[in-house]
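The lines below spell out each chain.
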Amino acid sequence: MSRRGSFALCLLLLGACQRTTPPSAPAVPDAGSAATLAPTAASVPEPLPPCRAKGAPPLDAALGYLDDGRFPEALSCAAQASALEPDSAAAHAARGEALASLNRTAEAQVAYARALAIDPGHPEGLLGAAHLYAVQLPSSREYDELGALYAERGLSQPEVSPELLPRFALVAAMALNDLGQAAEALQRASLVLVREPKNLEAAYEKSLALFELCRFDEAKVAFSGLVNDPERGAHAHYHLGLLLEREGKWKQARRHFDKARALSPEDFPVPPMPSEEEFREEVAQAVASLPGDMRKDLTGVPVRAEELPADEDLLSGEPPLSPAILGLFRGPPLGEPCDGSETPCRSVALYRLNLARAVRTREELREQIKVTLLHEVGHLRGEDDQELAARGLE
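Residues numbered from 1 in each chain as written. Predicted model: local features only at pLDDT ≥ 70, side-chain atom pairs only at ≥ 80, totals over all residues. Heavy atoms only, no water.

## A short note on the state of the cysteines
Tallied over the entire structure, the rule returns two disulfides. Note on cysteine connectivity: Cys-51 is disulfide-linked to Cys-77, with sulfurs 2.1 Å apart. Classification of the bridge connecting Cys-51 and Cys-77 rests on its S-S torsion, roughly 90°, and on that basis the disulfide is right-handed. Of this pair, Cys-51 sits in the loop between helix H1 (34-37) and helix H2 (58-67) while Cys-77 sits in helix H3 (residues 71-84), and the two are 26 residues apart along the sequence. Residue class for Cys-77 comes out buried when judged on its relative accessible area of 0%. Between the sulfur atoms of Cys-338 and its disulfide partner Cys-345 the distance amounts to 1.4 Å. On the sign convention where negative is left-handed, the bridge of Cys-338 and Cys-345, at about -80° about the S-S bond, is left-handed. Should the bonded cysteines of the protein chain be numbered as they appear in the sequence, the pairing reads 1-2, 3-4. (Disulfide = S-S within 2.5 Å. Helix = DSSP H or I, 4+ residues; strand = E, 2+ residues; numbered from the N terminus. Buried < 20%, exposed > 50% of the residue type's maximum accessible area, 1.4 Å probe, protein only.)

Structure representation (structure tokens):
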């Protein structure tokens, strides 16, 4: 689900801030086909109109159009500026900003790459690229990592301007939260709030980081301050529901879940919630469907269907585990001795409520149970989260 509301970079109009699906690349015709000689109209980009610079240098005109939100005109002038000065990082960054604002994200990626190849520390290029990868493009670990890298590089520049500093920090907080690096995200969101105490997007990122760090009392206060915000109210109600659910306050939690759904039904549909008995059966079927070598590794390792992760499990390490985890492997990997602190030595837990809220249909739930089980078997075999993510078992 998308958790992000509107996000305005006040000095840089960087286009739509909610993640969007990039347009598909045109198909490449076979060599020697007629299409290679006569490309279709769909494969030929629309020519840009001439830059209407009104006597100003093309780059200045492009920046003025960007400030006014006139993105087609900005693109024309930025394209002319980058053609006249191909080694100008500012021109390529302006072109990237215009392209991103027009949702031409693949072209924007190239424009920002050119700007940062020319000047790796160019502030507007770094901020635009960070925003593109961390906010505008569809969420993925690779994109969020790039967004965080660009934002952190911007923060590390010795002469970053005071007005850009909180904007770099905000994009960094968003990317780091999505990457599960809540402690770092909390630092970045707090940096924004020191300079801009009324920045609601930063307040939301701080609330989310507190939740992920299992600082539940602080998170409840922080989310309560956002319930009346039009952009983030649904997400605030949803997280308050999660927090109250952990306290066993089921009726209060349900009211917040219902409010979140009423405010944003697309983000918060009714989860395909199985009964406890149905969930145990789904888990048993998932175990039975594993390959023989995995079932053998699970010999003597109980796979339990549980409701929610317990506080002692979440707080067993540093940093703490996310309250939204779908499953958990307890104990040492195979081949390592048990220390006697776990009874049994090894076990796997799958969490009914978290799994049901991570999907939209019962079929997706069955698939997610299988993926989560494979993830925990990977831990049983000694793989860490990075290795599992690289295999598509994040």
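## Let's talk about the confidence of the model for the protein chain
On average, residues of the protein chain score 89 in pLDDT, and 89% of them reach the 70 mark or higher. Low confidence marks residues 1-41, where pLDDT is under 50. Its contacts with residues over four positions away, or in another chain, come to 93 contacts. (pLDDT = per-residue confidence, 0-100. Contact = heavy atoms within 4.5 Å.)

## So, the environment of Pro-323
The residue Pro-323 is located in the loop between helix H16 (311-314) and strand S2 (327-330) in this model. Judged by its relative accessible area of 4%, Pro-323 is buried. Look past the residues within four positions of Pro-323 in its chain and what remains in contact with it is Phe-211, Glu-212, Cys-214, Phe-216, Arg-246, Pro-309, Leu-314 and Asn-354.

## Side note on the packing of helix H6 (residues 123-136) against helix H8 (residues 165-178)
Following both chains from N to C, one finds H6 and H8 inclined at 25°, their axes separated by 10 Å at the closest point. By the criterion of interaxial angle, the relationship of H6 to H8 is roughly parallel. When you trace H6 past H8, the crossing you get is left-handed. Of the residues in H8, those in contact with Pro-123, Leu-126, Leu-127, Ala-130, His-131, Ala-134 and Val-135 of H6 are Arg-167, Phe-168, Val-171, Met-174 and Ala-175. (Axes fitted to C-alpha atoms, helices over the stretch in contact; angles between N-to-C directions. Parallel < 35°, antiparallel > 145°, perpendicular 65-115°, else oblique. Left-handed = near helix turned anticlockwise from the far one by under 90°.)

## Section: the nonpolar core
Judged by nonpolar contacts, the single largest core of 81 residues is most densely connected at Tyr-150, Phe-168, Phe-211, Phe-223 and Leu-243. The leading source of residues in this core is H8, at nine residues. Not counting chain neighbours up to four residues away, the residues in contact with Tyr-150 comprise Leu-116, Leu-126, Ala-129, Ala-130, Tyr-133 and Phe-168. Of all hydrophobic cores here, the second largest spans 17 residues; its members include Leu-290, Leu-298, Val-301 and Leu-380. (Core = buried A, V, L, I, M, F, W, Y, C linked by side-chain atoms within 4.5 Å.)

## Section: the environment of Ala-175
Tracing the chain through its elements places Ala-175 in helix H8. Ala-175 gets classed as buried once you look at its relative accessible area, which sits at 0%. A C-alpha to C-alpha distance of 8.7 Å links Ala-175 and Tyr-143, two positions 32 residues apart in sequence.

## Observations regarding helix H9 (residues 182-195)
Taking 1.5 Å of rise per residue, 14 residues should cover 20 Å, and H9 covers 20 Å from first to last C-alpha, within 8% of that figure. Along H9, the positions that sit buried rather than exposed are Ala-182, Ala-185, Leu-186, Ala-189, Val-192 and Leu-193. Down the axis of H9, the buried side of the element spans an arc of 125°, and every buried residue falls inside it. H9 presents Gln-187 and Val-194 as exposed residues on the side facing more than 90 degrees away from its buried surface. Those residues of H9 hidden inside the fold are in contact with H8 and helix H10 (200-212). (Expected span 1.5 Å × (residues − 1). Arc of directions from axis to C-beta.)

## A look at the packing of aromatic side chains
Taken as a whole and judged by the stated rule, the model has six aromatic pairs. On the basis of an interplanar angle of 55° and a centroid distance of 5.6 Å, the ring pair of Tyr-133 and Tyr-143 is categorised as tilted. Here Tyr-133 is found in helix H6, whereas its partner Tyr-143 is found in helix H7 (residues 141-156), with 10 residues between them in sequence. Consider the rings of Tyr-204 and Phe-223, whose centres lie 6.1 Å apart with planes at 65°: the pair is edge-to-face. Note that Tyr-204 is positioned in helix H10 and Phe-223 in helix H11 (residues 216-224), a separation of 19 residues in sequence. For the pair formed by Tyr-204 and Phe-223, the shared burial category is buried. (Phe/Tyr/Trp six-rings, centres within 6.5 Å; stacked < 30°, edge-to-face > 60°.)

## Examining unusual backbone geometry
In this structure, Pro-319 follows Glu-318 across a cis peptide bond, with omega equal to 0°. By the element assignment, Pro-319 lies in the loop between H16 and S2. With a phi close to 60°, Asn-103 is a non-glycine residue in the positive phi region. Inspection of the secondary structure assignment puts Asn-103 in the loop between helix H4 (89-101) and helix H5 (105-118). For Asn-103, a relative accessible area of 33% corresponds to the partly exposed category. A positive phi angle is found at Cys-214, which is not glycine, with a value near 65°.

## What about the pattern of salt bridges?
Taken as a whole, this structure holds 24 salt bridges when the rule is applied. The closest approach of N and O atoms between Glu-145 and Arg-141, which form a salt bridge, is 3.7 Å. Placement of the pair is Glu-145 and Arg-141 together in helix H7, with a separation of four residues, close to one helical turn. Residue classification places Glu-145 among the partly exposed positions, given a relative accessible area of 35%. Accessibility expressed as a relative area gives 28% for Arg-141, which makes it partly exposed. Of the charged contacts in the structure, one is a salt bridge between Glu-152 and Arg-188, with a shortest N-O distance of 2.8 Å. With Glu-152 in helix H7 and Arg-188 in helix H9, this pair connects stretches of sequence that are 36 residues apart. On the accessibility criterion, Glu-152 (26% relative accessible area) is partly exposed. Among the charged side chains, a salt-bridge network with shared partners connects Glu-278, Glu-282, Arg-362, Glu-363 and Arg-366. (Salt bridge = Lys/Arg side-chain N within 4 Å of Asp/Glu carboxyl O.)

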